[in-house]
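# Fold and geometry: a report
Okay, here's what each chain looks like letter by letter:
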Amino acid sequence: MTAQEVRLCGLLLQEHFGEVVEKVCTHLLRSGALNLRTIVHETGTPLDLVKKSLCVLMQHGVCVFSSGRKGPGSPVEYRASCERILRILRYPRYIYTAKTLYGDTGELIVEELLQRGHMTMSSAVKTVADRLTHNMEEGRSMEYSEVVSAFSKLVETHFLQRCPPVAEARTATTATPATPGTPAAPVNTAPPTPESFPDCYKVPHVTLIGRGKRRRSSEDGEDERPGKKSKVDEKTHGDEGIYWQVNFERFHLHFRDQAIISAVASKLDQTSSEIVRTMLRMSEVTTPPSATCTQALSSNEIFRSLPPNYSITRPILDQYLTLLVDDPMEFVGRSGDSGGGMYVVNLHRALVNLARATLESVVQERFGSRSARIFRLLLRKRHLEQKQVEDFAMIPAKEAKDMLYTLLSQNLVQLQEIPKTPDHAPSRTFYLYTVNQLPTARMLLQHCYKTVANLMERRLFETKESKRLLEKSQRIEAILASLQASGAEPGQLTEVEEMITAPERQQLESLRHHINKLDSTENQVDETIFLLESYINSTGTATR
């Protein structure tokens, strides 16, 4: 874990959970597994606040606990997951994907689960139905059965999964007791994965009949609500103790597939991308998440599974498949000749090429098209001397030397020495320039983490500088909403609106524009982070 990752994790925790939780979790990230007493002593935080912070972190899956490393009877230790914290940065993308695939109902289900960490199905259905009903016209409401149907679809496609039972998690992490002659066995500190339980994607039978309720706007209604809620909660719905969470890995597989489809569409055409989309859709259930390529599919199966609106003939499909196989990007490969030809999508090769395109784009934006030409040349030729770089890239010697040294100083290009004699004399040594794609991708990933942290700090600074104006705007908006609900006259509304002067209104518009721009930039950088992370993880899996 690097300093940039810890810094970004701290900013994300502070923004979503507050300063106390950020202090406790950041200390866990830096120090590793610690027991409760050590956390209280080293952070200087009161015991009750540390307990509440750990509860919040465990509720959201950021922190896990296990038996102490010293054997039976030692205090329980807590450890934080940096990878899980960084997923917070991708929350808007998860929610937007759920909206795209399953509409407003799917969007709100995923949003509620992300905000609360984990929930029971009945609780999530009621909350989402109430929110949808509140946004509907007067007299209309959302039935629980519609929300249950959307929830079930999300589980069937593995976007949601059950949380692993806590009791079994405690059992799995207990250590083998030591005997007088032998030391204690090492503790298995890895938390159990949800997929290790057989009922991970089994939807329980929930008895929910009714419709969503509209929230009351009056204060009296809010005071009465807790009492009524406690009576409703006494009813059992058949899913008590079964909690659900968002399956981030399934969303990541979807993002990866979409990146491959978009790359094919931009490189070739829309029909080619639709063929690749069909192949990915057919094999998404049978292909393991860590596989380097999809399950083999025959051209007959692909032809039958194409969307009806793509009325292409079988010979044309074969031509497209041949074109995809022969393409230098190697997105699709041929694995056999049965059934008209067996084809696979090369997931690892696709990620390698997407990461390579990202690196080339970064070099071009930072150092210009000529430096990008040299970088691209070294990626393809692997090892070249300076004279060869000048000749192949067709760049004057002085400019090529400056560009190579600039790339070398930024660690984007490496220099390898191959001596002719054991004394390493410069006159008898070959100096070859090369690009190591994996270390370069790791370095760029750290730069991306730093960039997102800088963007977040800038956004917080902008908001803090205009805090008074934002609070004034929120107060006026609340007064306007209250007046409109009570049926106030247009003159009263205009009078309240004029409480914000023209310069203040202009400043507010400028602030919102800057905040929106920073937010969209964070999301764009996160797309690069996802691509580089996927490539690095895929390379680690492929080399095992």
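Residues numbered from 1 in each chain as written. Predicted model: local features only at pLDDT ≥ 70, side-chain atom pairs only at ≥ 80, totals over all residues. Heavy atoms only, no water.

## So, the overall build of the chain
What the chain contains, in helices and strands, is 22 helices and eleven strands. Going through the 544 residues of the chain one by one, you find that 42% of them count as buried. Of the contacts formed within the chain by residues at least 6 apart in sequence, a portion of 66% connects residues at least 24 apart. Here the chain has roughly 29800 Å² of accessible surface; of this, 52% comes from carbon and sulfur atoms. (Helix = DSSP H or I, 4+ residues; strand = E, 2+ residues; numbered from the N terminus. Buried < 20%, exposed > 50% of the residue type's maximum accessible area, 1.4 Å probe, protein only. Contact = heavy atoms within 4.5 Å. Areas by Shrake-Rupley, 256 points an atom, 1.4 Å probe, with all protein chains shown as cover.)

## Regarding unusual backbone geometry
Phi at Met394 takes a positive value of approximately 55°, unusual for a residue other than glycine. Secondary-structure assignment places Met394 in the loop between helix H17 (386–393) and helix H18 (397–409). Looking at Met394, the relative accessible area reads 70%, which means it is exposed. Positive phi, normally seen in glycine, also occurs at Asn411, with a value near 65°.

## Points about the side chain of Asp526
With respect to the helices and strands, the residue Asp526 is situated in helix H22 (residues 502–542). On the accessibility criterion, Asp526 (2% relative accessible area) is buried. The residues contacting Asp526, other than those within four sequence positions of it, are Leu89 and Arg90.

## Digging into helix H2 (residues 19–31)
For H2, which comprises 13 residues, the first-to-last C-alpha distance of 18 Å matches the rise-based estimate of 18 Å (1.5 Å per residue) to within 8%. Along H2, the residues that are buried comprise Val21, Glu22, Val24, Cys25, Thr26, His27, Leu28 and Leu29. Immediately beyond the C-terminal end of H2, within one or two residues, lies Gly32, with a positive phi of roughly 85°. (Expected span 1.5 Å × (residues − 1).)

## Here we look at the pattern of salt bridges
Under the defined criterion, the tally for this structure stands at 25 salt bridges. When the shortest N-O distance is used, the salt bridge between Asp257 and Arg256 registers 3.2 Å. Taking the relative accessible area as the measure of exposure, Arg256 reaches 13% and is therefore buried. Across the salt bridge formed by Asp318 and Arg314, the nearest N and O atoms sit 3.4 Å from each other. One end of the pair is Asp318 and the other is Arg314, both in helix H14 (residues 314–326) and four residues apart, which spans about a single turn. Assessed through its relative accessible area of 24%, Asp318 is described here as partly exposed. Among the ionic contacts, a cluster of salt bridges with common partners joins Glu83, Arg87, Arg90, Asp526 and Glu533. (Salt bridge = Lys/Arg side-chain N within 4 Å of Asp/Glu carboxyl O.)

## Let's talk about the sheet that holds strand E6 (residues 243–246)
With antiparallel pairing, three strands are arranged side by side in an open sheet as E4-E6-E5. In the strand order of this sheet, the two ends are held by strand E4 (119–120) and strand E5 (160–162), each with one partner. As paired elements, E5 and E6 share three bridges and run antiparallel to each other. Within E6, the position partnered with Gln161 by the bridge is Gln245. (Pairing = 2+ DSSP bridges.)

## With respect to the packing of H17 against H18
Axis separation between H17 and H18 bottoms out at 10 Å; the angle between their running directions is 115°. The pairing of H17 with H18 is recorded here as roughly perpendicular in orientation. H17 and H18 meet at a crossing whose hand is right-handed. Together, Gln386, Val389 and Glu390 of H17 and Ala397, Ala400, Lys401, Leu404 and Tyr405 of H18 make up the contact between the two elements. Of the residues contributing to the contact of H17 with H18, the split by class is five nonpolar, one polar and two charged. (Axes fitted to C-alpha atoms, helices over the stretch in contact; angles between N-to-C directions. Parallel < 35°, antiparallel > 145°, perpendicular 65-115°, else oblique. Left-handed = near helix turned anticlockwise from the far one by under 90°. Nonpolar A, V, L, I, M, F, W, Y, C, P; charged D, E, K, R; others polar.)

## Side note on the packing of aromatic side chains
According to the stated counting rule, one finds nine aromatic pairs in the structure shown. Their ring planes at 55° and their centres at 4.7 Å tell us that Phe159 and Phe251 sit as a pair that is tilted. Taken together, the residues span a long stretch of sequence, with Phe159 in the loop between helix H8 (144–156) and E5 and Phe251 in helix H11 (residues 248–267) at a distance of 92 residues. As far as burial versus exposure is concerned, Phe159 and Phe251 are alike and both buried. (Phe/Tyr/Trp six-rings, centres within 6.5 Å; stacked < 30°, edge-to-face > 60°.)

## Examining the sheet that holds strand E3 (residues 77–80)
If you trace the three strands from one edge of the open sheet to the other, you get E1-E3-E2, paired in antiparallel fashion. Every interior strand has two partners, whereas the edge strands, strand E1 (34–35) and strand E2 (63–66), have only one. Against the sheet, helix H4 (residues 47–59) makes contact with E2 and E3, and its axis sits at roughly 105° relative to E2, the strand it touches most.

## Observations concerning the packing of helix H1 (residues 3–17) against helix H19 (residues 437–465)
Packing of H1 against H19 brings their axes to within 9 Å, and their N-to-C directions diverge by 35°. Crossing geometry of H1 relative to H19 is assigned as left-handed. For the pair H1 and H19, contact is made by Gln4, Glu5, Arg7, Leu8, Leu11, Leu12 and Glu15 and by Gln446, Tyr449, Lys450, Val452, Ala453, Asn454, Met456, Glu457, Arg459 and Leu460, respectively. Residues that form the contact of H1 with H19 fall into these classes: eight nonpolar, three polar and six charged.

## As for the side chain of His252
Along the polypeptide, His252 turns up in helix H11. A polar contact of 3.3 Å, which involves the side chain of His252, links it to the side chain of Arg90. (Polar contact = N/O pair within 3.5 Å; in protein donor to acceptor, adjacent residues only side chain to side chain.)

## A word on the nonpolar core
Ile85, Ile109, Val110, Ile374 and Leu378 are the most contacted members of the largest nonpolar core, which totals 96 residues. In terms of residue count, the dominant contributor to this core is H19 (ten residues). When near neighbours in sequence (up to four residues on either side) are disregarded, Val110 contacts Tyr94, Ile95, Ala98, Leu154, Val246 and Phe251. Counting 24 residues, the second-largest nonpolar core is a separate cluster that includes Val264, Leu280, Leu297 and Leu324. (Core = buried A, V, L, I, M, F, W, Y, C linked by side-chain atoms within 4.5 Å.)

## Re the confidence of the model for the chain
Mean pLDDT over the chain stands at 83; residues scoring 70 or higher make up 89%. For the stretch residues 168–189, pLDDT sits under 50, and the model shows 23 contacts to residues farther than four places along the chain or on other chains. Counting contacts from residues 217–233, a segment whose pLDDT is below 50, to residues more than four positions away or on other chains yields seven contacts. (pLDDT = per-residue confidence, 0-100.)

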